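A closer look at the structure
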There are 2 protein chains.
Amino acid sequence: MYYDTVEAMNRAALEELQLERLKLTIEKARKSPFYKEHLAGVNTDDLKSVADVTSLPFTTKDDLRSQYPYGMLTRPLDDFVRLHASSGTTGTPTAIFYTQEDLDTWADLMARSMYCCGCRRSDVLQNMSGYGLFTGGLGIHNGSERLGMLTVPAGAGNTKRQIKLIRDFSVTVLHIIPSFALYFAQKVNEAGFDVKDMPWRIALIGAEPHTEETRRKVEEMMHIKAYNSYGLSEMNGPGVAFECIEQKGMHVWEDAYIAEIINPDTGEHVAEGEIGELVMTTLLRDGMPLIRYRTRDLTRFVPGDCACGRTHRRIDRIAGRADDMMILKGVNIYPMQIEQCLMSMPEVGQNYLIELITEGVTDQLKVKVEIKDEFFVEDMRALQGLQKKIAKNLCSEILITPRVELCQHDSIPKSEGKAVRVIDNRKK
Amino acid sequence: MYYDTVEAMNRAALEELQLERLKLTIEKARKSPFYKEHLAGVNTDDLKSVADVTSLPFTTKDDLRSQYPYGMLTRPLDDFVRLHASSGTTGTPTAIFYTQEDLDTWADLMARSMYCCGCRRSDVLQNMSGYGLFTGGLGIHNGSERLGMLTVPAGAGNTKRQIKLIRDFSVTVLHIIPSFALYFAQKVNEAGFDVKDMPWRIALIGAEPHTEETRRKVEEMMHIKAYNSYGLSEMNGPGVAFECIEQKGMHVWEDAYIAEIINPDTGEHVAEGEIGELVMTTLLRDGMPLIRYRTRDLTRFVPGDCACGRTHRRIDRIAGRADDMMILKGVNIYPMQIEQCLMSMPEVGQNYLIELITEGVTDQLKVKVEIKDEFFVEDMRALQGLQKKIAKNLCSEILITPRVELCQHDSIPKSEGKAVRVIDNRKK
Ligand SMILES: [Zn+2]
Ligand SMILES: [Zn+2]
């Protein structure tokens, strides 16, 4: 059974548990060379509630780099049984170390996560992700076995074999990246099968950031329910936050993590429901605890209670990286906010461009948007109406009214590789 | 601690344990559709000693194929948490299923195996093998964690990153296939490092069949101790038999398996020390026991006791596949026997060819052998001496005196891909 009563604990009790574990974590962390110094000024007796976590200093990716490889460890190296490292061969990498206890905690959280979106012991999971140093492979694998699912370690690639395995073993759950899922659905059709006849019912697609639109596309093209999740190797890997069957945000497992959302500029908490940088503190990590770790990932808390009954707060899908943040007229704007808003409108095509300009003494936001041919009509009034609608929708999302320019299909130059979506032409 | 007193048990007690577990295994196996029928005539009360295992019927690869996927399972599918399958997309594949108990047994045996060749909890193991459906990846990984080694799941490929990981984390144990090890040693040199300065001390190279000569080459080129092992997915995967630090054969874990060596033609046991087909019975497999499984792998029991003190019998490195067996004048001959004999002689070059011919009414064995340039001298007496020496060495290995023909370096045509080493020109 991987539904834990802790998932539906009332907030007061949950926060008490968090406070208790936070104090233990601080004491544990101090056994590492880094935190011994970093937390020198901290007295755990001063922590009266979990909200006091804000009195603790942040930990950054640069800290991880400067402590590479062993400066964050609270135990002798002999006590560790696993490491995952960033894969770069240049620059200073980062590495995360796990004791057997950490692997057990991770597998438990991962199993809970999969249970939460409807996976059961009787399911058969095919892990279509690469293994190795990437935490997604072994993370999902160990969680799936922990939950008791029959686990098929298919690995990445080889579409034909994937299809054969799925059919031969009546696979009901796929772990698959969303971009591959869309390609895979096509391949299944090309192989002469109807996706409706495939045995699958659940796709775990959280390994790669994607939009709500992509999720719906995966669900439609594969005839499957697709669930998003959030994880990062610094917090074990996958299994940090997971969607329940309501599909309205991802529950952060708050008995294992303290999640905060801050203004990346000021370090202060944002108002409830506002987008900011996710900051995470481990509460159950044994060998390498991290306190107030700046994930650089942007999200917001989803307000209100979840219909599933779980009390752990939900975060929204990741809205980009903190490094992408623009500040305009004192307001923080994230390109992903604009993208999500645009892509939710049926009139909008595939491409857009965000431009920051200076007019006189004030900075302005300009958004060029490609419009689908069927909406790019000769009727000026209709076009103006569309222009206003887009500007209004954007304003309600980013709190600034941009200048919107409508463009024809394919008129915005496409860049090779990662699309350039933001151009800053402001005068400094 | 992964040295188990069972490893040094006296033979009588060990065989009693085997008998007891064999009976339990038969009862368990009968819960599967296949064995219910296959073992219908068997009464476990008739098994008076483990030697009576010979009264049981064999299980073959064809049985596995005909029962694909679920016919061998002793439990409901829900009780299984892992499967490994042969990777082909054509033909009938085979699949092996594991319960959590099976995975635990496997990890224990794997950890014991690694301990046996000198790996310790304080070691750092880099797994340079692919993961996925191939049992070598997850098998070694889980065993390494079970032993308590810090495990780096590097996966296959990416030489540069492998070197960086090895140096950054002071890796002491490599899991690497021997052919890649030779290439890798070169790459380490090219990257400007001396293999003597690398932190490694142990290479587990059993994932791929190889000769003793190759092992010595790996040891020399990498400045490492290399250990051979034996495993096959039908018997879990790696960890079935493993070399101890004596490097004189691989101990078969006889508390977990009954090993027999038979004449593949007659099914009878061969004489002690003779080469034949390895037949394995699982004694600790829960969900998918296999009884007298014909591995098609050729080996022999290494006679005598091992200096390490372990009482479990040792098998020699795999001498090819049963399907390669030739019968000449009523004697079984395996090409690998000839290869190993030739390659152990310093005068012999890279290539050779075995030819079966009919002269009059008798069949003959002809072996063409390339001789290294420095031994291919103008002195006829020396050449004749060499010819006789080779024939004599071969005869002592295969019990038949072949005609030996000495050839110059590069005079035997090389074939693309897998070398053709045997030509049968006999008249039927
Ligand atoms: Zn929910
Ligand atoms: Zn030994």
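Residues numbered from 1 in each chain as written. Chains lettered and ligands numbered in written order. Predicted model: local features only at pLDDT ≥ 70, side-chain atom pairs only at ≥ 80, totals over all residues. Heavy atoms only, no water.

1. A few points about the coordination of the zinc ion (ligand 1)
Residues and elements named next belong to chain A. The coordination sphere of the zinc ion (ligand 1), as far as protein atoms go, consists of Cys244 (SG), His251 (NE2), Cys306 (SG) and Cys308 (SG), spread over 2.1 to 2.3 Å. Classification of the site at the zinc ion (ligand 1) as tetrahedral follows from its four donor atoms and the range of 103 to 117° in their angles at the metal. Donor residues for the zinc ion (ligand 1) sit on one chain with the sequence pattern C-x6-H-x54-C-x1-C. By relative accessible area, which is 10% here, Cys306 ends up buried. You can call Cys308 partly exposed: its relative accessible area is 26%. (Donors = N, O, S within 2.8 Å, 3.2 Å for Na, K, Ca; no water. Tetrahedral: all angles 85-135°; square planar, octahedral: opposite > 155°, others 65-115°. Buried < 20%, exposed > 50% of the residue type's maximum accessible area, 1.4 Å probe, protein only.)

2. Quick word on the relation of the copies chain B and chain A
Overlaying chain B on chain A yields an RMSD of 0.1 Å, the required transformation being a rotation through 180° with an accompanying axial translation of 0.1 Å. Both copies are brought into coincidence by an operation consistent with a two-fold rotation axis. Within chain B, the C-alpha atom positioned nearest to the axis of rotation is that of Tyr131(B), 3.0 Å from it. When the interface residues of chain B are mapped onto chain A, 100% of them are again interface residues, pointing to one common binding face. (Least-squares fit on C-alpha atoms with pLDDT ≥ 70 in both. Contact = heavy atoms within 4.5 Å.)

3. Looking at the pairing of strand 20 (residues 403-408) of chain B
Across six bridges, the pairing between strand 19 (residues 362-371) of chain B and strand 20 of chain B is parallel. Looking at strand 20 of chain B, one finds that Glu370(B) is bridged to Cys407(B). (Pairing = 2+ DSSP bridges. Helix = DSSP H or I, 4+ residues; strand = E, 2+ residues; numbered from the N terminus.)

4. So, the coordination of the zinc ion (ligand 2)
All names here are of chain B. Each protein donor to the zinc ion (ligand 2) is listed here as Cys244 (SG), His251 (NE2), Cys306 (SG) and Cys308 (SG); together their distances run 2.1 to 2.3 Å. Geometry at the zinc ion (ligand 2) is tetrahedral, judged from its four donor atoms and the angles of 102 to 117° they form at the metal. As a motif over one chain, the donors of the zinc ion (ligand 2) read C-x6-H-x54-C-x1-C. Here Cys244 is found in the loop between strand 9 (237-243) and strand 10 (250-252), whereas its partner Cys306 is found in the loop between strand 14 (301-302) and strand 15 (314-315), with 62 residues between them in sequence. The pair Cys244 / Cys306 is uniform in exposure class, with both members buried.

5. Quick look at the sheet that holds strand 12 (residues 276-282) of chain A
Pairing between sheet strands relies on hydrogen bonds along the backbone, with the strands arranged either parallel or antiparallel. Residue and element names in this part refer to chain A. With antiparallel pairing, three strands are arranged side by side in an open sheet as 11-12-13. What marks the edges here is a single partner per strand, and that holds for strand 11 (257-262) and strand 13 (293-299). When strand polarity is set aside, the average angle formed by the axes of neighbouring strands in this sheet is 30°. The pairing of strand 11 with strand 12 spans six bridges and is classified as antiparallel. Across the sheet, Glu260 pairs through a bridge with Val279, a residue of strand 12. (Axes fitted to C-alpha atoms, helices over the stretch in contact; angles between N-to-C directions.)

6. A short note on helix 4 (residues 100-116) of chain A
All names here are of chain A. Taking 1.5 Å of rise per residue, 17 residues should cover 24 Å, and helix 4 covers 24 Å from first to last C-alpha, within 8% of that figure. Of all 17 residues in helix 4, 13 are buried; the element is thus mostly enclosed. Of the residues trailing helix 4, Gly118 is marked for its positive phi of about 110°. (Expected span 1.5 Å × (residues − 1).)

7. Quick look at the pattern of salt bridges
Here the structure, examined in full by the defined rule, presents 72 salt bridges over all chains. The shortest N-O distance in the salt bridge between Lys164(B) and Asp168(B) comes to 2.9 Å. Linking Lys164(B) with Asp168(B), this pair stays in helix 6 (residues 159-168), spanning four residues, or about one helical turn. Look at the salt bridges and you will find they share partners, linking Glu212(A), Arg215(A), Arg216(A), Glu219(A), Glu243(A) and Arg317(A) into a network. (Salt bridge = Lys/Arg side-chain N within 4 Å of Asp/Glu carboxyl O.)

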